[in-house]
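Observations on the model geometry
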Amino acid sequence: MRNVIALVLLAAQLPAVPALLSFTNPPPKQPALHFRPGLPTDNPLIRQSMLEARMNPAFLKPEYFTIAEHPGPNAGTGRATTAGFGQIRPILGTGGQVCELASVYVLPASRKQRIGSRIIARLVENFRADNSRARQVPSSSQSVPTPRLVLLTLADTAPFYSSHGFFVLPDPVRAKPPLPMLFVLEYLAGSVVARLSRGPATKLVCMELQEGGNSWRIAAKRTN
């Protein structure tokens, strides 16, 4: 029980800071980017960035991350200049049936170039591709629930995520079908932290990816 409480307290950090995602006033020309799966060598930069940005420092497994790099001779090797990153991770206790988009961060030198938007677009693209492949794998005749992709963000940034296919869940505590208890506790704790750190009018919202009436999913661990 103490471990669960510790995880909730860690998860109560604000999940997204608008200034870090740089989605306002973009320049007309966007830089080229190379995307690759996370590597163990990315851990120090990811963890340091999360702590400096006061973002959730828990659940930072590199295999859940997508890394955006500036192109160059070392692109794709883990030694190129990192522009930013983000992850889609399975929520504990759900068996991969509910996943969370989180930890989206753009390094200071790469901001104001819409890189945050492009990272999220790539995460959603990977998410849909993995889901499509999973649907093609033969399975038993037993019906399997379609996993869900959710996120937490400030209400001010909800329109940004809406542009990527997410919609606001008006009452995460009573959502149907229900959200995982750990994620609900993260939402409630994060709401308190948001009001205390940013003012009583600050609101945290929960959003879910949906398209054509069907939720999409991602495999718990990407293999490519």
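Below: a short report on this structure. Only a predicted model underlies this, so the values are computations on that prediction, with no experimental measurement involved.

In total, this model carries four aromatic pairs according to the counting rule given. Geometrically, the ring pair formed by phenylalanine 160 and tyrosine 161 is edge-to-face, given 5.1 Å between the ring centres and 75° between the ring planes. Like tyrosine 161, phenylalanine 160 is buried. By the ring-pair criterion, three or more aromatic residues cluster together here, those being Phe65, Phe85 and Tyr105.

Going through the model one piece at a time under the given rule, you end up with four cavities of 30 Å³ or more. Counted as a void, the largest cavity has a volume near 80 Å³. In terms of lining residues, the largest cavity is bounded by Phe59, Arg89, Pro90, Ile91, Leu92, Glu100, Leu182, Phe183 and Glu186. Among the secondary structure elements, those contributing two or more residues to the lining of the largest cavity are strand 3 (82–90) and helix 6 (181–198). Examining the composition of the lining of the largest cavity, we find that three residues originate from one element, helix 6, more than from any other. Considered class by class, the residues forming the lining of the largest cavity number six nonpolar, no polar and three charged.

Of all hydrophobic cores here, the largest spans 24 residues; its most connected members are Leu101, Ile119, Leu149, Tyr161 and Phe166. Elements represented by at least two residues in this core include exactly strand 3, strand 4 (98–106), helix 4 (115–136), strand 5 (148–154), helix 5 (158–162) and strand 7 (204–211). Among the elements that make up this core, the one with the highest residue count is helix 4 (six residues).

This part takes up helix 3 (residues 43–52). Among all positions in helix 3, only Ile46, Ser49 and Met50 are buried. Burial along helix 3 is one-sided: seen end-on, the buried residues are contained in an arc of 100°. Facing away from the buried side of helix 3 by over 90 degrees, the exposed positions are Pro44, Leu51 and Glu52. Contact partners of the buried residues in helix 3: strand 2 (65–69), strand 3 and strand 4. Downstream of helix 3 by a residue or two, arginine 54 has a phi angle that is positive, lying close to 55°.

What counts, and where the lines are drawn
- Residues numbered from 1 in each chain as written.
- Predicted model: local features only at pLDDT ≥ 70, side-chain atom pairs only at ≥ 80, totals over all residues.
- Heavy atoms only, no water.
- Phe/Tyr/Trp six-rings, centres within 6.5 Å; stacked < 30°, edge-to-face > 60°.
- Buried < 20%, exposed > 50% of the residue type's maximum accessible area, 1.4 Å probe, protein only.
- 1 Å grid on protein atoms, 1.4 Å probe; cavity = no way out; pocket = protein on both sides within 12 Å on 5 of 7 lines; lining within 4 Å.
- Points joined across faces, edges and corners; volume = space filled by probe spheres on them.
- Helix = DSSP H or I, 4+ residues; strand = E, 2+ residues; numbered from the N terminus.
- Nonpolar A, V, L, I, M, F, W, Y, C, P; charged D, E, K, R; others polar.
- Core = buried A, V, L, I, M, F, W, Y, C linked by side-chain atoms within 4.5 Å.
- Arc of directions from axis to C-beta.
- Contact = heavy atoms within 4.5 Å.

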